[in-house]
Amino acid sequence: MIAPRITAFLGAVVIVVAFGLPLFVDLGGNDFKGDEPIYAFAIDRMLDQGDWLNPKSIPFDNVAFLEKPPLKFWLVAASVRAGLIPQNEFGYRVWDVLFGIAAFLYVYAIGLKMDGVVSGLTAVLVLFAYQRIVLDHGLRSNNMEAALVLSYCGGMFHALCWADATTRGRRWLHAISVGLWFVLGFMTKFVAAAFLPVALIAMAALSRRWRARLLEDWRAWTATTVLTAALILPWFVYQFHLRGREFWAVIFGLHIMTRFTSYLDPKHVQPWCFYLTTLASDLSWAHDLILVCAGFAFLTFLAVKRHSDPAKLLLVWFLLPMAAISAGTSKLYHYAYPFVPPLALGAGLIPMAVIRTAQNHRDGISRLLERVWPPRRSDAIPLWLRRTLVTIAGIAVAVGMLTIIFGSVWIRIGGVTLFRNSTISRPLGAALVLMTVAGFFRLIPVALVSVLLIIVLPFDAYRNVRALEVAQVEFDGTPMKTLRDCLLRVQSQGAPAGVYVHTPEEGQWKYAYYLRDPGWRTDEAADDSKLGERLLSATGRRPV
């Protein structure tokens with residue numbers, strides 16, 4: 001038997017290799033998009049100007065960026081300054097990938113704590129297969145979401161450990177860890193991290209054991225609160241001293257209250273069910289929906305019938321923030337990313353629960369199968385033939401697995417297709433029939449459950465994620481950095497400097513970021529009468 005610690009460690013290695021390292025693949029291959037240029041510009045100016053307390057707001061070199069605290073900017077800029085990462089798309093996204101890997105490991109650790117290695121691995125698989133959190137404003141982009149997801153995953157894990165710790169020293173350590181992860185989230189995306197302590201307070205209201213432990217450890221939590229305030233307040237005090245009420249009007253009034261009660265962009269206004277319908281659609285595409293729904297129902301059962309504190313915490317972690325952000329007017333889907341991990345963790349509980357159920361009812365299922373195919377028929381088959389049938393069943397299962405991963409499996413020789421399979425049910429159904437004929441009745445329940453789990457688990461995650469990534473590259477077309485380098489090269493040969501961007505849209509920050517050096521221009525951008533002059537006039541001609 002492999003020791004539990006070794007098994008847990010091997011599971012963590014699988015997480016890093018199978019789900020963490022792929023996040024680095026072609027990390028710098030795509031342009032900054034969405035909000036990425038805003039944050040890249042702030043980091044660039046921080047490095048150029050040396051003003052680390054007042055990051056700049058694109059496209060201005062002298063206007064402070066006050067929308068969010070600057071911890072993420074500090075981490076990236078300090079790493080560039082120390083020579084640890086390059087100052088480009090790859091380097092600016094490295095911290096996000098590292099945050100994502102750490103979040104995966106924390107999700108695995110929570111699953112491990114709840115129901116073992118299989119639970120943790122399944123939860124991370126489900127989270128990785130949820131392609132939006134990986135590719136869209138998520139764990140591979142120079143944004144704030146990876147750090148925020150990590151802060152919630154880390155905070156919730158240490159809260160669970162605090163509630164279960166048997167020594168005072170360990171409880172202090174976990175309480176302070178919760179506070180430090182909250183600092184990461186708050187100093188990265190401000191009040192978006194507020195649901196972490198709110199969820200823990202709600203959990204204390206729901207659990208008598210948590211309330212008793214909280215009262216017992218009030219000194220530890222008081223010290224954590226003081227430490228958290230000491231790390232958060234200095235930058236806020238500095239900005240208030242420098243700008244007065246203007247600072248609060250921007251960071252809280254404009255970017256929190258206005259977003260929550262009205263909108264900054266009318267395209268952000270969505271119905272109350274936006275997050276849930278989008279989540280269901282994405283999960284269905286990723287083949288996660290059945291498993292996640294089953295996991296949510298199982299969490300509810302554990303919380304209500306078994307009074308499980310971890311199950312209660314996962315439900316609070318998902319339901320409370322989702323209800324709050326659904327009540328707001330402005331909705332961007334990446335706001336929901338920190339609240340997806342508890343759904344993955346619920347899904348992670350399903351495989352072992354189903355396998356245990358099958359084992360407990362193995363005899364009953366075997367007797368049912370024996371009525372359909374009496375054992376005497378299997379006994380009449382030569383042993384070598386029975387073993388051959390089982391071998392073919394194993395090959396059929398392998399074909400089914402490969403079909404899930406690659407979409408189809410075929411054998412082609414000399415242009416002639418000898419074998420082709422594009423469905424899951426055919427090889428897996430054949431495997432069950434062959435095992436029944438061979439007389440392995442006691443293996444059938446576990447095999448049947450395994451087949452069902454193979455069907456509902458998102459083993460095609462790599463194929464789905466890669467397909468979306470390729471589609472995104474094709475949609476974006478020629479990288480802006482390639483155009484920028486071309487313009488700089490042409491300008492170095494005497495061509496007119498300056499770029500004219502013809503668009504009525506505000507916030508085209510990718511253009512502002514990449515075309516800044518060739519001579520970014522936004523004047524009269526929406527005036528159609530100026531376009532011909534910029535394109536055709538010998539005196540006013542410039543790149544458009």
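Residues numbered from 1 in each chain as written. Predicted model: local features only at pLDDT ≥ 70, side-chain atom pairs only at ≥ 80, totals over all residues. Heavy atoms only, no water.

Engineer: Residue-level account of the side chain of lysine 72, with values.
Structural biologist: Structurally, lysine 72 is set in helix H3 (residues 71–81). Taking the relative accessible area as the measure of exposure, lysine 72 reaches 2% and is therefore buried. Beyond its immediate chain neighbours, meaning those up to four positions away, lysine 72 contacts Trp95, Asp96, Phe99, Asn142, Asn143, Met144 and Thr188. (Helix = DSSP H or I, 4+ residues; strand = E, 2+ residues; numbered from the N terminus. Buried < 20%, exposed > 50% of the residue type's maximum accessible area, 1.4 Å probe, protein only. Contact = heavy atoms within 4.5 Å.)

Engineer: Let's hear about the packing of aromatic side chains: which residues, and what values?
Structural biologist: In this structure the tally under the stated criterion is 31 aromatic pairs. Among the aromatic side chains, those forming a connected cluster through ring pairs are Phe182, Phe186, Phe190, Trp235, Phe236, Phe247 and Trp248. Its guanidinium or amino end placed over the ring of phenylalanine 41, arginine 45 lies 4.8 Å from that ring's centre, counting from NZ or CZ. Sitting over the face of the ring of tyrosine 333, arginine 132 holds its NZ or CZ atom 4.9 Å from the ring centroid. (Phe/Tyr/Trp six-rings, centres within 6.5 Å; stacked < 30°, edge-to-face > 60°. Lys NZ or Arg CZ within 6 Å of the ring centre and 35° of its normal.)

Engineer: Which residues make up the nonpolar core, and what values do they have?
Structural biologist: It is characteristic of soluble globular proteins that their nonpolar side chains tend to be buried jointly. Core analysis: the biggest nonpolar cluster contains 123 residues, and Tyr92, Phe104, Met156, Trp210, Phe236 and Trp317 have the highest contact counts within it. The element contributing the most residues to this core is helix H7 (residues 145–164), with 14 residues. Those residues in contact with phenylalanine 104, other than ones at most four positions away along the chain, are Ile15, Phe19, Leu23, Val124, Leu127, Phe128 and Leu139. (Core = buried A, V, L, I, M, F, W, Y, C linked by side-chain atoms within 4.5 Å.)

Engineer: An account of the layout of surface pockets is needed here, citing residue identities and associated values.
Structural biologist: Size it by volume and the second largest pocket reaches roughly 370 Å³. Residue lining of the second largest pocket: 16 residues in total, with Val178, Pro197, Leu200, Ile201 and Trp221 positioned closest to the centre. Secondary structure elements with two or more residues in the lining of the second largest pocket: H7, helix H8 (168–189), helix H9 (195–206), helix H10 (208–216) and helix H11 (218–243). The element contributing the most residues to the lining of the second largest pocket is H9, with five residues. Here the lining of the second largest pocket is composed, by residue class, of 12 nonpolar, four polar and no charged. (1 Å grid on protein atoms, 1.4 Å probe; cavity = no way out; pocket = protein on both sides within 12 Å on 5 of 7 lines; lining within 4 Å. Points joined across faces, edges and corners; volume = space filled by probe spheres on them. Nonpolar A, V, L, I, M, F, W, Y, C, P; charged D, E, K, R; others polar.)

Engineer: Could you give me a rundown of the pairing of strand E1 (residues 409–413), with the residues and numbers involved?
Structural biologist: Alignment of E1 against strand E2 (residues 416–421), held across five bridges, turns out to be antiparallel. Within the sheet, the bridge partner assigned to arginine 412 lies in E2 and is threonine 417. Between E1 and E2, which pair antiparallel one after the other, the connecting turn spans two residues, and glycine 414 there sits at a positive phi close to 60°. (Pairing = 2+ DSSP bridges.)

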